[in-house]
Amino acid sequence: MRIGRPVRNSLIGLVAALALAACGTSGTDTGKPANSAGLEKTELNIGVVPVPSSAPLFIAQEKGFFKAEGLTIKTETIQAPQAVMPKILNGSIDTFLTSYVSLITISDSGAAKLKMLAESQQGAPGINGVVVVKDSPIKEPKDLKGKKIAVNVLKALGEVTVSAQLKVHGLAPADVSFVAVPFADQLAQLKAGTVDAAWMAEPYISAAQKDLGGRVIIDTLSGPTEGLPLDGWATTADWLAKYPKTAAAFQRAIGKAQQIAATDRQELNKVIPTFTQIPADVASTMAMGTFSTSLNTTRIQRVADLLAEFQITKTKIDAATLVAESPK
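Conventions and cut-offs
- Residues numbered from 1 in each chain as written.
- Predicted model: local features only at pLDDT ≥ 70, side-chain atom pairs only at ≥ 80, totals over all residues.
- Heavy atoms only, no water.
- Helix = DSSP H or I, 4+ residues; strand = E, 2+ residues; numbered from the N terminus.
- Buried < 20%, exposed > 50% of the residue type's maximum accessible area, 1.4 Å probe, protein only.
- Pairing = 2+ DSSP bridges.
- Axes fitted to C-alpha atoms, helices over the stretch in contact; angles between N-to-C directions.
- Contact = heavy atoms within 4.5 Å.
- Salt bridge = Lys/Arg side-chain N within 4 Å of Asp/Glu carboxyl O.
- Phe/Tyr/Trp six-rings, centres within 6.5 Å; stacked < 30°, edge-to-face > 60°.
- pLDDT = per-residue confidence, 0-100.
- Expected span 1.5 Å × (residues − 1).
- Core = buried A, V, L, I, M, F, W, Y, C linked by side-chain atoms within 4.5 Å.

Participant: Residue-level account of the overall build of the protein, with values.
Facilitator: What the protein contains, in helices and strands, is 13 helices and 13 strands. Put simply, the protein has 328 residues, and 55% of those count as buried.

Here it is in structure tokens:
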């Protein structure tokens, strides 16, 4: 289900708020687990990123799905798995939200062998795009040749999806220059002309349209990249082997929440402001991707193939090696 429309209000304050990197915060499901019999571990520390993709975990907490599975959940706010890899490897973070790009590049590097337990979101048109200022001479994708494009992180989702879109228009990644600019700084750099275009996510796209008369010249989650899986809940292969029953309990609980996220926008609107700095009025109107209800290796392989094609990974990863078994 494709849900939401672009943000209309509160954009300036929101952009400032999202520029703040949340860290060290935590939340706890304090209710006593209903049935922990047979689980190898009943208390989990979950690494969450303060973005809408984390919403199913908080829905599961609120609805008591973890408690029903015998689990007590604590949350730790992270920005990316790479930044907390020591905690992931030593088991002090049990599972965590990660993009598929991070999951695949970490596995390719050999830093850790990771497994996806449950998918959170797939991409949908309107949530990511390449933006230029109102009076830019860039009118269509082919005009990006020789230009400088800001992405929030190099060798990540922005670079991959922009490269896939450029290919459609007869351009190669080498025909442009990708530069790392945090989302919160992109508006200023577009205005100053230090970059020619910027790959943005909502609500920054709407902020650029409002403040700079910005134009989206490429919707980077449409056409060849529409429905591309974005992120999900992962753990290490070692953790999964050590705690298989616990992993299955987590999957069942988060799976119920994914079903709600996929079908009930009001539940998303209610929960997102509780763990992000997105105001309620913005959460109710902003565009979001499709919340997934299954892990599909064919879908995931699209990401791995793009990473290999654009030489972001050294090898072509088999998506089947990245996915945990479905819970019994």
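Participant: With reference to specific residues and values, describe the pairing of strand β10 (residues 197-201).
Facilitator: The side chains of a regular strand alternate, residue by residue, between the two faces of the sheet. Of all five residues in β10, five are buried; the element is thus mostly enclosed. Along β10, one buried face is formed by Ala 197, Trp 199 and Ala 201 and the opposite face, lined by Ala 198 and Met 200, is buried too. The sheet contact formed by strand β7 (residues 128-132) and β10 spans four bridges and is antiparallel. Paired with Asn 128 across the two strands is Ala 201, which belongs to β10. Of the strand pairs in this sheet, strand β8 (residues 148-151) and β10 are connected by two bridges, and their pairing is parallel. Directly across from Ala 150, in β10, lies its bridge partner Ala 198.

Participant: Talk me through unusual backbone geometry; I want residue IDs and the actual numbers.
Facilitator: Phi angles above zero are rare outside glycine, and Lys 155 is one such case at about 60 degrees. Looking at the secondary structure, you find Lys 155 in the loop between β8 and α6 (157-168). Given a relative accessible area of 44%, Lys 155 falls into the partly exposed group. Unlike most non-glycine residues, Gln 311 shows phi in positive territory, near 60 degrees. Mapped onto the elements of the fold, Gln 311 is located in the segment after α13 (297-309).

Participant: Can you lay out the sheet that holds β7 for me, pointing to particular residues and giving the numbers?
Facilitator: Judged by pairing direction, the sheet is mixed, and its five strands sit side by side in the order β9-β8-β10-β7-β11 without closing on themselves. The sheet terminates laterally at β9 (177-180) and β11 (215-219), the two strands that pair on one side only. On average, each strand axis in the sheet is inclined to that of its neighbour by 35 degrees, with strand direction left out of account. Against the sheet, α6 contacts β7, β8, β9, β10 and β11, and its axis sits at roughly 120 degrees relative to β10.

Participant: Any details on helix α8 (residues 204-212)? Residues and values, ideally.
Facilitator: Every buried residue of α8 is listed here: Tyr 204, Ile 205, Ser 206, Ala 207, Ala 208 and Leu 212. Once α8 ends, the next one or two residues include Gly 213, with phi positive near 65 degrees.

Participant: Give a description of the pattern of salt bridges that names residues and reports values.
Facilitator: By the definition in use, this model includes 13 salt bridges. In this structure, the salt-bridge partner of Lys 142 is Glu 140, at a minimum N-O distance of 3.8 Å. Taking relative accessible area as the criterion, Glu 140 reaches 37% and is therefore assigned partly exposed. Two residues, Lys 167 and Glu 309, come together in a salt bridge whose shortest N-O distance is 2.7 Å. Placement of Lys 167 in helix α6 and of Glu 309 in helix α13 is noted, with a sequence separation of 142 residues between them. The exposure class assigned to Glu 309 is partly exposed, which follows from its relative accessible area of 38%. Within the structure, one salt-bridge network assembled from shared partners comprises Glu 62, Lys 63, Glu 267 and Lys 270.

Participant: An account of the packing of aromatic side chains is needed here, citing residue identities and associated values.
Facilitator: Applying the stated criterion to the full structure yields six aromatic pairs. Pairing Phe 58 with Phe 275 gives two aromatic rings, centres 4.3 Å apart and planes at 10 degrees, and the pair type is stacked. With Phe 58 in helix α2 (residues 55-63) and Phe 275 in helix α11 (residues 265-275), this residue pair connects regions lying 217 residues apart in the sequence. Per residue, the accessibility class of Phe 58 equals that of Phe 275, and both read buried. Between Trp 239 and Tyr 243, the aromatic rings sit 5.1 Å apart at their centres with planes inclined by 55 degrees, giving tilted as the arrangement. Here a set of aromatic residues connected by ring pairs shows up, and it is made of Phe 66, Trp 233 and Phe 250.

Participant: Before we move on, can you summarise the confidence of the model for the protein with the specific residues and values?
Facilitator: Overall, the prediction assigns the protein a mean pLDDT of 88, with 89% of residues at 70 or greater. Segment residues 1-32: pLDDT under 50, and 84 contacts once partners within four positions in sequence are set aside and those in other chains are kept.

Participant: Before we move on, can you summarise α6 with the specific residues and values?
Facilitator: In this model α6 runs 17 Å from its N-terminal to its C-terminal C-alpha over twelve residues, within 8% of the 16 Å that 1.5 Å per residue would give. Turning to α6, the residues buried within the fold contact β7, β8, β9, β10, β11 and α13. Phi turns positive, to about 80 degrees, at Gly 170, one or two residues after α6.

Participant: Can you tell me about the nonpolar core, naming the residues and giving the values?
Facilitator: A general trend in soluble globular proteins is that nonpolar side chains are found buried together. In this structure, Leu 57, Phe 66, Trp 233, Phe 250 and Ile 272 are the most contacted members of the largest nonpolar core, which totals 75 residues. Residue contributions to this core peak at nine residues, all from helix α10 (residues 244-263). In this structure, Val 132, Ala 150, Val 151 and Ala 197 belong to the second largest nonpolar core, which totals 31 residues.

Participant: Explain the environment of Thr 98 to me, using residue names and the numbers behind them.
Facilitator: Checked against the element boundaries, Thr 98 lands in strand β4 (residues 95-99). On a C-alpha basis, the gap between Thr 98 and Met 116 in space is 8.8 Å, while along the polypeptide they are 18 residues apart. When near neighbours in sequence (up to four residues on either side) are disregarded, Thr 98 contacts Pro 81, Leu 103, Met 116, Leu 230, Asp 231, Gly 232 and Ala 234.

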